Amino acid sequence: LPPAPAMASRFSNVDPVTAADMRRQGLDPHELDRSTEQLMSLIHSNLPDPPVSTTARLTAFRARPSDGVDRISRLSDALLRDIVSRLPVKDAARTAALAARWRGVWRSTPLVLVDTHLVSSARASTPDVIAAVSRVLAAHQEPFRCVHLTWSRMGAYQAQLKRWLRLLAARGVQELVLVNRPWLREVPLPKTLFTISTLTRLYIGVWKFPDAAGLQGASFPHLRELGICSVAMKDGDIDAVVARNPALEILNIQGSMKGVHLRLVSHSLRCVQICSFVMESVSVLNAPRLERLILSECLNPAGGSCIRVKIGNVPKLKVFGFLEPGKYVLEIQDTVIMAGIKTSASMMVTSVNVLSMKVRFGVYDDVKMVPAFLKCFPNVEALHITSEKCDQLAAKFDLSSGKRLVSS
């Protein structure tokens, strides 16, 4: 996680107006500040690493062997461009000072722009970073293969962000990570983003998703990986995004501000991971290429209510977890799996060979679901079970039948 931008107050993620308003209501703004920083740390841990070496040094280009022969200059322009493309953008720009030939190499290289690489200290302000990113985008007229923008609070700079996105669309950016710092919580995600047809990987964090109906069928025809982190969305938004992206293989969802119903239909998805997400149900209705379905730390907005997990047509599903009795209600095809149910062929997912479960072994209602779940996955080769803590008194059970043997 990059250090939080400096502010006039002592808070990292709460503006002075919000802090004063919270104090008038008898609330502690430090609590909001700490919880927001934890959220941002979680989001940044989920982001892909940029494809550059932060340990590279420009001196490596200037160094000459003891015989004085400049062997680097003998390399082809294509190889030099490949080298420069792996440098942080500031170091890539400095190569232009080496020789006239290097100026041409830098100008024609698809660069990697990471805004945190432009920050000289933790005290850098959002205006400073905004200005630095704008200078880089203006100076380099060739493509950017990867751009990470995660430092700034974009609430007051939405017009600037739209200009950046238009430039990136024109430059054919392939990978984009766009995370807002939550000064204003629900900053609208610019619709301009959906004009970047060259994207193959996209991660967005801490935005308010635009009205899907207003996107007029916009899609990312080459997008293979999509990450959605703490984005305010309505029912059907994720479903529509998945359906409109015919090449999407990886869907990574983390965090949400309200409960939704997910209905996934995709002929390209191979991996779905949903973590710390507030939802009422997830239905994988038709995903013939899906191989991995991971659910972790998800919550139902109704508190103690269970999340319904429906499995439909998933003939290639190999890895499934984490099933949690008491948290999830499992439905296969159109049958809800209950304790003691007689398992039929239509209730089995025979392709799964790795299954993960979290079980509170001190809770009778949870334990008696374990045999019912296991019978639905008859070809499991690797079973991972985590014992969860509970506040109820422990008891002994017969796992083959789910019956309580001894109560304490």
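Counting restarts for each chain, with residues numbered from 1 along the sequence as it is written. pLDDT decides what is reported in this predicted model: residues at 70 or higher carry local features, side-chain atom pairs at 80 or more are listed and counted, and totals for whole chains, interfaces and linings draw on all residues regardless. Hydrogens and water are ignored here; the side-chain numbers use all heavy atoms of the structure.

Labelled according to an unreviewed UniProt entry, the chain appears under the name F-box domain-containing protein, originating from Aegilops tauschii subsp. strangulata.

Chemist: Sorry if this is basic, but what is going on with the overall build of the chain here?
Modeler: Across its full length, the chain holds 11 helices and 18 strands. A simple rule labels every residue: compare its accessible area, found with a 1.4 Å probe on the protein chains alone, to the largest value its type can have, and call it buried under 20%, exposed over 50%, or partly exposed in between. Counting the 408 residues in the chain, one finds 47% classified as buried. Sequence separation of at least 24 residues holds for 63% of the intrachain contacts in the chain that already meet a minimum separation of 6. Approximately 19,200 Å² of the chain is accessible, and the part contributed by carbon and sulfur atoms is 52%. Strands here are runs of E lasting at least two residues and helices are runs of H or I lasting at least four, both read from the DSSP assignment and numbered beginning at the N terminus. Here, two residues are considered to be in contact whenever any of their heavy atoms come within 4.5 Å of each other. The accessible surface values rely on the Shrake-Rupley method and a 1.4 Å probe; as for residues, cover is taken only from the protein chains in view.

Chemist: Sorry if this is basic, but what is going on with helix 7 (residues 126-139) here?
Modeler: Structural remark: α-helix, 3.6 residues per turn; residues separated by three or four positions point the same way. The length a helix should cover is 1.5 Å for every residue beyond the first. The first and last C-alpha atoms of helix 7 sit 20 Å apart over 14 residues, in line with the 20 Å expected at 1.5 Å per residue. Within helix 7 the residues assigned to the buried category are Thr126, Val129, Ile130, Ala132, Val133, Val136 and Leu137. Buried positions in helix 7, seen along its axis, are confined to an arc of 165° and lie on one side of it. For helix 7, the exposed residues lying more than 90 degrees away from the buried face are Arg135 and Ala138. Each C-beta atom gives one direction from the helix axis, and the arc is the one those directions make.

Chemist: Can you help me understand the environment of Thr200 in this one?
Modeler: Turning to its location among the elements, Thr200 is positioned in the loop between strand 3 (175-179) and strand 4 (201-205). Sequence spacing of Thr200 and Arg145 is 55 residues, and the spatial spacing of their C-alpha atoms is 9.9 Å. If near-sequence neighbours (up to four positions away) are discounted, Thr200 is found in contact with Gln174, Glu175, His222, Leu223, Arg224 and Glu225.

Chemist: Honestly, the pattern of salt bridges in this entry has me stumped. Any pointers?
Modeler: When the charged atoms of two side chains lie near each other, side chains of opposite charge can form a pair. A side-chain nitrogen of Lys or Arg and a carboxyl oxygen of Asp or Glu constitute a salt bridge if their distance falls within 4 Å. For the coordinates displayed, the defined rule picks out 13 salt bridges. Here Arg86 ties to Asp82 by a salt bridge, and the two come within 3.3 Å at their closest N and O atoms. On the basis of relative accessibility, which here comes to 31%, the residue Asp82 falls in the partly exposed class. Asp365 is the partner of Lys368 in a salt bridge, and the nearest nitrogen-oxygen pair spans 3.4 Å.

Chemist: For this particular structure, what's the right way to read the nonpolar core?
Modeler: The nonpolar side chains of a soluble globular protein tend to be buried with one another. Think of a nonpolar core as a cluster: buried Ala, Val, Leu, Ile, Met, Phe, Trp, Tyr and Cys residues, connected wherever their side-chain atoms sit within 4.5 Å. The biggest cluster of nonpolar side chains holds 93 residues, and the ones touching the most others in it are Leu193, Ile274, Met279, Phe320 and Leu330. When residues of this core are assigned to their parent elements, the largest contribution, six residues, is made by helix 7.

Chemist: Please explain the sheet that holds strand 1 (residues 111-114) as it appears in this structure.
Modeler: Hydrogen bonds between backbone atoms are what pair the strands of a sheet, whose relative direction is either parallel or antiparallel. Only strands joined by at least two bridges in the DSSP assignment are considered to pair. Sheet architecture is open: 11 strands sit in the order 1-2-3-4-5-6-8-10-12-15-16, paired in parallel fashion. Every interior strand has two partners, whereas the edge strands, strand 1 and strand 16 (382-387), have only one. Within this sheet the neighbouring strands show an average axis-to-axis angle of 5°, counted without direction. Two elements, strand 5 (residues 225-229) and strand 6 (residues 250-254), share five bridges in a ladder whose sense is parallel. Bridge pairing in strand 6 links Leu226 to Leu251. In this description, a line fitted to the C-alpha atoms serves as the axis of each element, helices being fitted only across the stretch in contact, and the angle between N-to-C directions of two axes falls anywhere from 0 to 180 degrees. Strand contacts of helix 2 (residues 29-45): strand 3, strand 5 and strand 6, with the helix running at about 175° to strand 3, the strand carrying the most contacts.

Chemist: Where do I start with the sheet that holds strand 14 (residues 335-336) in this structure?
Modeler: A sheet is described by the order of its strands in space; here five strands give the open sequence 7-9-11-13-14, paired in mixed fashion. The outermost strands of the open sheet, each flanked by one partner alone, are strand 7 (260-265) and strand 14. Where strand 11 (residues 307-313) meets strand 13 (residues 328-332), five bridges bridge the pair, whose relative direction is parallel. Its bridge partner lying in strand 13, Val309 is registered against Leu330.

Chemist: Where do I start with the packing of helix 4 (residues 77-84) against helix 6 (residues 100-108) in this structure?
Modeler: If you want to describe how two helices pack, look at the angle between their axes and the distance between the axes. One way to put it is that helix 4 packs onto helix 6 with a least axis distance of 9 Å and a crossing angle of 65°. Between helix 4 and helix 6 lies a crossing whose hand is right-handed. Where helix 4 abuts helix 6, its residues Asp77, Leu80, Arg81 and Val84 lie against Arg101, Trp102, Val105, Trp106 and Ser108. Gly falls in the polar group here, along with every residue not listed as nonpolar (Ala, Val, Leu, Ile, Met, Phe, Trp, Tyr, Cys, Pro) or charged (Asp, Glu, Lys, Arg). Class assignment of the residues belonging to the contact of helix 4 with helix 6 gives a composition of five nonpolar, one polar and three charged. Left-handed describes a crossing in which the near helix is turned anticlockwise from the far one by less than a right angle; the clockwise case is right-handed.

Chemist: Looking at this structure, how should I read the environment of Ile228?
Modeler: Structurally, Ile228 is set in strand 5. Contacts of Ile228, omitting those with residues within four sequence positions, involve Ile204, Met233, Ile238, Asn252, Ile253 and Gln254.

Chemist: Looking at this structure, I do not really get the state of the cysteines. What am I missing?
Modeler: When the sulfur atoms of two cysteines share a covalent bond, that bond is a disulfide. Cysteine sulfur atoms that pair up within 2.5 Å are treated as a disulfide. Summed over all chains, the structure comprises zero disulfides. With no disulfide of its own, Cys271 lies 9.8 Å from the sulfur of Cys275, the closest cysteine sulfur. Of all cysteine sulfurs in the structure, the one in Cys275 sits closest to Cys298, which takes part in no disulfide; the separation is 6.8 Å.

Chemist: Which parts of the structure should I look at to understand the packing of aromatic side chains?
Modeler: How two aromatic rings sit relative to each other is given by the distance of their centres and the angle of their planes. Ring pairs shown here join Phe, Tyr and Trp side chains whose ring centres sit within 6.5 Å, with only the six-membered ring taken for Trp; geometry is labelled stacked below 30 degrees between planes, edge-to-face above 60, and tilted in between. Enumeration according to the criterion identifies three aromatic pairs in this entry. Measuring from centroid to centroid gives 5.7 Å for Phe194 and Phe209, while their planes differ by 85°, and the two rings are edge-to-face. Placement of the pair is Phe194 in the loop between strand 3 and strand 4 and Phe209 in the loop between strand 4 and strand 5, with a sequence separation of 15 residues. Each member of the pair, Phe194 as well as Phe209, carries the same accessibility label: buried. Relative to Phe377, the ring of Phe320 has its centre 5.7 Å away and its plane inclined at 55°; by these criteria the two rings are tilted. A residue pair is termed long-range when its members are at least 10 positions apart, and Phe320 in strand 12 (residues 319-323) and Phe377 in the loop between helix 11 (369-375) and strand 16 qualify at 57 residues. Like Phe377, Phe320 is buried. One aromatic cluster is present, formed by Phe194, Phe209 and Phe220 through successive ring pairs. A ring is scored as having a charge over it whenever the NZ atom of a lysine or the CZ atom of an arginine sits within 6 Å of its centre and within 35 degrees of its normal. Looking at Lys358, its charged tip hangs above the ring of Phe322, at a distance of 5.1 Å from the centre.

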